[in-house]
Amino acid sequence: MGKVLMLYASMTGNTEMMAEIITDVVEQRNHTVVTKTFDMDPIDVEELADYDGVLVGTYSWDDGELPYESEDFYEELDDVDIKGMVAGVFGSGDSFYDSFGGAANLMGDRFEARGANLVPERLIVDLEPDKKDVERCQKFAEVFCGMMEENL
Ligand SMILES: Cc1cc2nc3c(=O)[nH]c(=O)nc-3n(C[C@H](O)[C@H](O)[C@H](O)COP(=O)(O)O)c2cc1C
């Protein structure tokens, strides 16, 4: 079964909730998930090579920008070969802002530019996931697993 790296940045817990919902589904499909947070754990982009898939969550900040926690990782993605790697990006934002979920979109753009095999949807949730959002997270996780299982 696959080995998945789950990375996320969450200041008030909304993106963390998404990460937990997604992780539950991935584990139910018998994959192993290693979870790291951008603010607490040392993360080396080179370690991506050890995984069959990567999930990256980030909340948005300051006009749809990445928060500082996930910025280094975003920059360093330019230095590694992630061509064909199965990846999914997600994050909470606030639809009050014009740049709703901008950070998750930036992260998705970078993965795509680097040739990753990205889950087509960048999963953006408005603040805390509600019941419908929980289902969206679960579906997103199922799509991610399906894509990864094709490559195992
Ligand atoms: C100062 C500040 C700036 C923010 N800027 C944006 C933004 O540009 N776009 C957006 O979608 N959300 C923005 N947000 C909202 C957060 O992304 C949102 O509250 C999100 O749910 C936080 O996720 P977390 O609970 O995982 O930390 C901003 C919040 C704060 C406090």
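Residues numbered from 1 in each chain as written. Predicted model: local features only at pLDDT ≥ 70, side-chain atom pairs only at ≥ 80, totals over all residues. Heavy atoms only, no water.

The name given to the chain in an unreviewed UniProt entry is Flavodoxin, with Virgibacillus kekensis as the source organism.

What follows is about the pairing of strand β1 (residues 3-9). Where burial is concerned, most of β1 is hidden: six out of the seven residues are buried. In this sheet, strand β3 (residues 53-58) lies alongside β1 in parallel orientation, the contact comprising six bridges. Bridge pairing in β3 links Leu 5 to Val 54. (Buried < 20%, exposed > 50% of the residue type's maximum accessible area, 1.4 Å probe, protein only. Helix = DSSP H or I, 4+ residues; strand = E, 2+ residues; numbered from the N terminus. Pairing = 2+ DSSP bridges.)

Let's shift gears to the environment of Gly 64. Positionally, Gly 64 belongs in the loop between β3 and α2 (68-76). Measuring from C-alpha to C-alpha, the distance between Gly 64 and Gly 101 comes to 6.2 Å, with 37 residues separating the pair along the chain. Residues contacting Gly 64, with those up to four places away along its chain left out, are Ser 99, Gly 102, Ala 103 and Leu 106. (Contact = heavy atoms within 4.5 Å.)

Further remarks concern the side chain of Thr 58. Secondary-structure assignment places Thr 58 in strand β3. Here Thr 58 falls in the buried class, since its relative accessible area comes to 1%. Reaching out from Thr 58, the side chain makes a polar contact with the side chain of Ser 70 at a distance of 3.2 Å. Not counting chain neighbours up to four residues away, the residues in contact with Thr 58 comprise Ala 9, Thr 15, Leu 66, Pro 67, Ser 70, Phe 90, Gly 91, Ser 92, Ala 103 and Ala 104. (Polar contact = N/O pair within 3.5 Å; in protein donor to acceptor, adjacent residues only side chain to side chain.)

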